[in-house]
Amino acid sequence: GTKQGESDVLDDKGTKQHKNKDKHKNYGTSDIQYVGSKKFTMERVQNTRQAALNLITMLQEYYGGKEQSEKMMLQSWLQPWDFDNATDMTGMVDKMVDTMARALVTDDQKEFIIGTIGSSVAAGHDNCNYDSYELQMERTFGPVWEAAGMKLTCQNAGEGGGCGDDFANQVFCIQQNVSPDIDIAHYTWTYFEAGGPASAKALVMRESLARWAQMLPRQPPVHVYNTGKMNQYQGDEHQLAELMSEFGYNAFYMTSGLYNGGFDYDAAKEDGVDYLGWGHVGDGYHNVTRYGENESSPERKESLGTVMRNWHPGPLAFQFVSDTFSYIYSQAMIRALDLIESDLKNGIDPAEKWAASKRKIHIKSSLPPPIFCDPLYCVVDEAPGCLNFEKPTYGWWGARVEDPDDSLNPHKGEVQNWEVWHVDEPIWSAVPKQDQIFFEDRDDKEICRHLNVCGGISATSKDSGSVVFRLPKQEVGLVVICGAGKEVGTEMILNNTNIEISYNGEVLDRNTWDIWTRGKCVRLMKKFDANVAKATTGHNYLKIEALENLSSPVRISHVITL
C-alpha cells in the first residue's frame, strides 16, 4: 500500500488518462498534434463531412446496403433513429446534432470524449483490450474527428464483478469514473439489471444518471448498450426513453440489430449451427473483423471472428457495436456540419451560436418531473460527488483524503495512517488463451491488458488511526461509503463496532445507517437535518477511526456524496 497523500488516486486533481505507453506500430493509432486554433473554416467543414460520408458509405457497403444497414444500426434501438424525417423523436436527434456542433466549433475543445461506465462487457473481458468496442470505436470513428482537427477519446471505466460493484453505486460516480467533460455517456450495466428487484432499481438508476448527466458541463446524452434483444421490461423502459428523449437518452440492443439484418439465426440453430452460441466464429454476415481480414495467424484470425466468447461479446460482435455507434454519430455530425456551413455561407461565425459558452445551462427545474427515481436524489442541480479508489478513473473526485498536517484538518495531530492499496492484476487477466499465445512474445502485448483493478483505502489495526475525508459542497446531505469487496457492507461497516465514524467531529449513530444501494455500501446520512453537526473550517469532514479491538482489515472503496 501507499501512505495517505502518496497515491496517484489522491494526488491527481485533473482528468486522468490511463493509456498504454507503447506506440503499437502494428495495432495502434497515431498521436495527433494540435497547433494553434481549430477555428472552423469552410475547408474544415468539407474535410470533416467527407470523412464522415466515407465512413457512412463504407459501413453501408459492409452491411449490405443502406436499407439493411439502417435496419441493423438505426432500428435496433428502443427509440429508432431517423435523421431524415420529423418524428416524435426529433428532439433526440436534435440533441445529438447539438452535441456534435458544439464540440466542432468550440475553439478550445480538442477532444471529443465518449465515457463508458459498465460491467465486464464494457471492460471487454475475455478479449484482448485492443478488441473492446471502445477501442474499436476510437479506430473507426476517430479519423472523422481527425479531419476536424480533433481527437476522439473513448474512456473505458468498465469493470468485472470482483470488486462488488454494479450500476446501483457506480452511477453515482459518473464524474469520477469518467471525465465530467464527456460529450456522450455510455451505460453498459445491463447484465446486472436482470430479474427481481434489480429490474426496478435499474430504471431508478438509469433515470438518475440521465438527469445527473444534464448537470455536467457538456450535458451528455446517455446511451445504453444491451447485448440482448428488446424484451426486458420494455414497457417501463419506453416510458423513460420517451421522457428523456429530448436529452438524447436511448438504448441499443445488439442482438436485435443482428437479427434486423435478415439472417435467420433461429433457423440456423434448428439446423445445428448456433451463430450466437459461445465461441462461434462468424455472425452470418462476416467471418472476421475488418482489421482481421488480412491477419496471417489462423488462431488470431479465428479469435477476431468470434461473436460471443460466452456471455461476453467477442471482437466481431464488438465491431458491430462500434460500427453502430459510429454510424449514428457520423449521421449526427453530417447534420451539424450542414448547420455550421449554412452559418459560414451567411457570414455568421458558427461559434456565436454553437460554441460551448452559448449552451443553455440546465438546473433541476429544466428537466421534466421524474417517473422512477427519488426526487430527493435525482432532482438536483449538481451531479453527485464520488471518490473511487478502484481503477481506472478519468475524472474529478468529490471527496478527498485530507492531508493529516493540513491546517484546516479538524483532526490535525491525530494518527492518520490508512493506506491505499490496489489488486495487482497480471497482464493476461481476462484475456483468452489464443490471444495470450499470439501476443505473449510481441513488443505490443500491453495492448491486451485490461485497465480495471479493485482498490481501496485500508486500516488493519488501531495503529492505523483515522482517515479524514474533506467532502465537496453538498446539496442534499447524502453520505455513503462502500467497503472493498462483494456484499461486505454489513460486516465491514454497518455492524463493525471496532470503527467509529464522525461527521464534522460528531460521532454518527450507527442505528440510523442502512445498506444502500448495493450490499457493499452503507448510507451514513440520508440528508441534512437540524441535528447535523455544522462545519467549523469551511468544509464538511468525515472521519473513520480504527478502534482498539480492530483485527480484520477495513477497506473503503468509495465515498459518495450529494
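Description of the structure in this document. (Residues numbered from 1 in each chain as written. Predicted model: local features only at pLDDT ≥ 70, side-chain atom pairs only at ≥ 80, totals over all residues. Heavy atoms only, no water.)

1. Looking at the pattern of salt bridges
Argument step 1. Evaluated as defined, the whole model comprises 26 salt bridges.
Argument step 2. The partner of D444 in a salt bridge is R442, and the shortest N-O contact between them spans 2.9 Å.
Argument step 3. Judged by its relative accessible area of 8%, D444 is buried.
Argument step 4. K462 is paired through a salt bridge with D463; the nearest N and O atoms lie 3.5 Å apart.
Argument step 5. Look at the salt bridges and you will find they share partners, linking R49, D338, E341 and K345 into a network. (Salt bridge = Lys/Arg side-chain N within 4 Å of Asp/Glu carboxyl O. Buried < 20%, exposed > 50% of the residue type's maximum accessible area, 1.4 Å probe, protein only.)

2. Remarks on the packing of aromatic side chains
Argument step 1. The final tally for this structure, using the stated rule, is 28 aromatic pairs.
Argument step 2. Both rings, one in Y225 and one in F252, keep their centres 6.1 Å apart while their planes meet at 25°; by these two values the pair is stacked. With a gap of 27 residues between them, Y225 in strand β5 (residues 222-226) and F252 in strand β6 (residues 250-253) connect regions that are remote in the sequence. Of the two residues, Y225 and F252, neither departs from the other in class, the shared state being buried.
Argument step 3. A ring pair is formed by F263 and Y275, whose centres lie 4.7 Å apart and whose planes are at 65°; its orientation type is edge-to-face. One end of the pair, F263, is in the loop between α11 (254-260) and α12 (265-270); the other, Y275, is in the loop between α12 and α13 (298-304), with 12 residues separating them in the sequence.
Argument step 4. For Y275, a relative accessible area of 21% corresponds to the partly exposed category.
Argument step 5. Lying over the aromatic face of Y62, R290 brings its terminal NZ or CZ to 4.7 Å of the ring centre.
Argument step 6. The ring of W421 is capped by R555, whose NZ or CZ atom sits 4.3 Å from the centre of that ring. (Phe/Tyr/Trp six-rings, centres within 6.5 Å; stacked < 30°, edge-to-face > 60°. Helix = DSSP H or I, 4+ residues; strand = E, 2+ residues; numbered from the N terminus. Lys NZ or Arg CZ within 6 Å of the ring centre and 35° of its normal.)

3. Points about the sheet that holds strand β8 (residues 400-401)
Argument step 1. If you walk across this open sheet you meet the five strands as β8-β11-β17-β13-β14, and the pairing is antiparallel. Looking along the sheet, the strands with just one partner apiece sit at the ends: β8 and β14 (506-507).
Argument step 2. As judged from the six bridges shared by strand β11 (residues 466-471) and strand β17 (residues 540-546), these two strands associate in the antiparallel manner. Of the residues in β17, the one forming a bridge with S466 is E545. (Pairing = 2+ DSSP bridges.)

4. So, the nonpolar core
Argument step 1. If you look at the biggest cluster of nonpolar residues, it comprises 60 residues, and the most contacted ones within it are M100, L104 and W145.
Argument step 2. Counting residues per element, this core draws most heavily on helix α14 (residues 315-345), at 15 residues.
Argument step 3. Residues F172, M244, Y253 and I560 belong to the second largest nonpolar core, which totals 50 residues. (Core = buried A, V, L, I, M, F, W, Y, C linked by side-chain atoms within 4.5 Å.)

5. Considerations on the environment of T306
Argument step 1. Within the secondary structure layout, T306 lies in the loop between α13 and α14.
Argument step 2. Classification of T306 by relative accessible area gives buried; the value is 4%.
Argument step 3. For the pair T306 and Y275, spaced 31 residues apart in sequence, the C-alpha separation works out to 9.5 Å.
Argument step 4. Apart from the residues within four sequence positions on either side, T306 is in contact with G279, H280, V281, G314, P315, L316 and A317.
Argument step 5. Of note is the side chain of T306, whose polar atom sits 3.2 Å from the backbone oxygen of E302. (Contact = heavy atoms within 4.5 Å. Polar contact = N/O pair within 3.5 Å; in protein donor to acceptor, adjacent residues only side chain to side chain.)

6. Brief notes about the pairing of β17
Argument step 1. Of all the seven residues making up β17, six are buried; the element is thus mostly covered by neighbouring parts of the structure.
Argument step 2. Pairing analysis gives five bridges linking strand β13 (residues 499-503) to β17, with the strands arranged antiparallel. Bridge pairing in β17 places E500 opposite E545.

7. Describing unusual backbone geometry
Argument step 1. Residue P392 is reached from K391 by a cis peptide bond, and omega for that bond is 0°.
Argument step 2. Its place among the elements puts P392 in the loop between β7 (385-388) and β8.
Argument step 3. W516 connects to T517 through a cis peptide bond whose omega is -10°.
Argument step 4. Mapped onto the elements of the fold, T517 is located in the loop between β15 (514-515) and β16 (521-525).
Argument step 5. Of note in the backbone geometry, A430 takes a positive phi value of approximately 65° without being a glycine.
Argument step 6. Here A430 lies in the loop between β9 (419-422) and α17 (433-439).
Argument step 7. Given the relative accessible area of 24%, A430 is considered partly exposed.
Argument step 8. The phi angle at N504 is positive, at roughly 50°, despite the residue not being glycine.
Argument step 9. Structurally, N504 is set in the loop between β13 and β14.
Argument step 10. Residue class for N504 comes out buried when judged on its relative accessible area of 15%.

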